[in-house]
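The lines below spell out each chain.
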Amino acid sequence: AASPLSARMQTLIRINNAADISVIVIYFLVVLAVGLWAMYSTNRGTVGGFFLAGRSMVWWPIGASLFASNIGSGHFVGIAGTAAAGGIAIGGYEWNVVTMPEYLRKRFGGKRIQIYLSVLSLIVYIFTKISADIFSGAIFIQLAIGLNLYVAIIILLAITALYTITGGLAAVIYTDTLQTFIMVVGSFILMGFAFKEVGGYDAFMKKYMEAIPSNVSYGGITIDENCYKPRADAFHIFRDPVSGDLPWPGLIFGLSILALWYWCTDQVIVQRCLSGKNMSHVKAGCIMCGYLKLLPMFIIVMPGMISRILYTDVVACVVPEICEEACGTAVGCTNIAYPKMVVELMPNGLRGLMLSVMLASLMSSLTSIFNSASTLFTMDIYTKIRKRPSEKELMLAGRAFMLLLIGVSIAWVPVVQSAQSGQLFDYIQSITSYLGPPIAAVFLLGIFCKRVNEQGAFWGLMLGLLVGLSRMIAEFAYGTGSCVAPSNCPFIICGIHYLYFAIILFGVSAIVILAVSFMTKPIPDVHLYRLCWSLRNSKEERIDLDADDKEDIPDEKDDDTEKIEITSEEPGCLKKAYNWFCGLDQQKGPKLSKEEEEALKEKLTDTTEVPLWRNVVNINGIILLTVAVFCHAFFA
């Protein structure tokens, strides 16, 4: 369980005035209103409506939702904390710019890869995204309002789960759009206050290098200065390949592998793109998200470093007893860098807005993950357990699974609290480095190498998982330690930086995938049209690898209609309210003819673009890449 805050910290309750409380109440009412409007105005009564927002989204909500889904409170707490400890290099993470398992099932055939990836994605969500976001949001509430960590967690989850479980993806995307606006505006305001307090950019660079805690002795022994002095390379993104805390080859190559896994294969991201009304809107949404992703270096990383300057003895503490008293965690207090600055620096009213920003980032990430996790479970796992379930059953199963996911994630919070020397973002990235690279290898080779088959992909994933879990379990068994009390984990296991480990794991997985594939039978082209790069423009009709399985399933549409007609009777008031709340009251539309079904299917799978808008988004994509390269060069 979490260590309680000291009595001294408990008295520092800042959110206790009418202005702050009014802003927070108004924020929640607006979010609730947007969520209810989305619930009322969108079709949540079908699987496509609930999980993919009816595939009707335009570019700006997609872009805002991609950004809000990615920038959770784990970023505000984790990135700001790592920046306070080690400088701007962590900002480099922000500049690397149907379900995925279902694509791989079509590409390779069989069900074992699809089920394996769905299960692994759910495990990663619990270990990193959900538990880390819950923990970081609760830290903020604990510091601002003085609530117990777990009481704060339960309140947060109750509000978040309410409109995710009821509203589906449309409610999530529209509330994300509102929350992105609040996050960006609130963060810019805090950045202005922070730079004003520290005396401008030049003073910030000078004072950060002098931010050394006053108490550096522990048990009569003076602590090694490397534990508390700011790093000499604090203002460089590219750091020494051997001694750097984020070595430059790892930042370029290792991080690119993790970015490929997250941005191209993660269900949270892919699902937002699948909700777009056409390809141009999807591309424009991704580019908008890319522009927004340039901001965290300035609105999160640098304020985190300024927090170390302003509250050096707390944020940069190294003596375990002092850290325990200051933030309830003995391994360090960098995680409270951003929340502490909000609570101490902002005036009444704006402090309430910033608490709303933190809650917005937390809730938008959690809602996105809950919706995507329930999609993975429902479409890729539940349908394998229950053959031919009704749409109503699928949606109820998805919602019930969200509740289970919440319970498991809360149980994992204490592990998150003490991992990676208390630096939350390093914890998240290290877990990702141990589990993500094999998936990135399968995805990349599956698209660009036609010769890769199911056996190669499956055994590459299995060996990659074995190697990744070995490192992860060993690290948890030995503990990551802290500078004052280092872990005794052997160098061969824990000594290799997690970004280097990601590169090695990706290489090992790719070699196994290719070796096994070339030793086994290839997949005929007739099954691969438009599923891999060399056949992407093919007009031939594709025969799905699992087409034989589908032939055995009879068409149940007529039977369903008959059942509805026979059993249809007027539900009571409570049943009506329940059905509306869960989006199950919408009437079945008229039965489509075969021609209409074909036309609808073609519309949903059409990737053609209007030439003008295709050129506009492509040019913007090139501009965005140029700006990102400039930013890397400027801070290198």
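A few points on the structure. Quick caveat: nothing in here was measured; it's all calculated off a predicted structure.

**Some points on the state of the cysteines**
Part 1: Across all of its chains, the model carries 1 disulfide by this definition.
Part 2: Each sulfur of the disulfide joining C317 and C323 lies 2.1 Å from the other. Note on the C317 and C323 pair: the S-S dihedral is about 125°, so by sign convention the disulfide is right-handed. Accessibility classification places C317 together with C323 in one group, the buried group.
Part 3: C449 takes part in no disulfide bond, and the closest cysteine sulfur to it belongs to C532, at a distance of 8.9 Å.
Part 4: We classify C449 as buried; its relative accessible area is 18%.

**Notes on the packing of aromatic side chains**
Part 1: Tallied over the full model, the rule gives 15 aromatic pairs.
Part 2: Between F448 and W533, the aromatic rings sit 5.6 Å apart at their centres with planes inclined by 45°, giving tilted as the arrangement. Taken together, the residues F448 in helix α20 (residues 437-448) and W533 in the loop between α23 (498-519) and α24 (547-551) connect sequence positions 85 residues apart.
Part 3: Look at W533 and you get partly exposed, because its relative accessible area is 46%.
Part 4: Within the aromatic cluster, the residues linked to one another by ring pairs are F195, Y201, F204, Y208 and F235.
Part 5: Over the ring of Y311 we find K340; its NZ or CZ atom is 5.4 Å from the centre of that ring.

**Examining the pattern of salt bridges**
Part 1: In total, this model carries 13 salt bridges according to the counting rule given.
Part 2: Put simply, R231 and D245 hold a salt bridge, and the shortest N to O gap is 3.4 Å. Within this pair, whereas R231 is found in the loop between β2 (221-222) and α10 (248-265), its partner D245 is found in the loop between β2 and α10, the two being separated by 14 residues in sequence.
Part 3: According to the relative accessible area criterion, D245 is partly exposed, its value standing at 28%.
Part 4: R239 is the partner of D245 in a salt bridge, and the nearest nitrogen-oxygen pair spans 2.7 Å.
Part 5: The exposure class of R239 is buried, given its relative accessible area of 2%.
Part 6: Residues joined in a network through salt bridges with shared partners are R231, D233, R239 and D245.

Cut-offs used in this document
Residues numbered from 1 in each chain as written. Predicted model: local features only at pLDDT ≥ 70, side-chain atom pairs only at ≥ 80, totals over all residues. Heavy atoms only, no water. Disulfide = S-S within 2.5 Å. Buried < 20%, exposed > 50% of the residue type's maximum accessible area, 1.4 Å probe, protein only. Phe/Tyr/Trp six-rings, centres within 6.5 Å; stacked < 30°, edge-to-face > 60°. Helix = DSSP H or I, 4+ residues; strand = E, 2+ residues; numbered from the N terminus. Lys NZ or Arg CZ within 6 Å of the ring centre and 35° of its normal. Salt bridge = Lys/Arg side-chain N within 4 Å of Asp/Glu carboxyl O.

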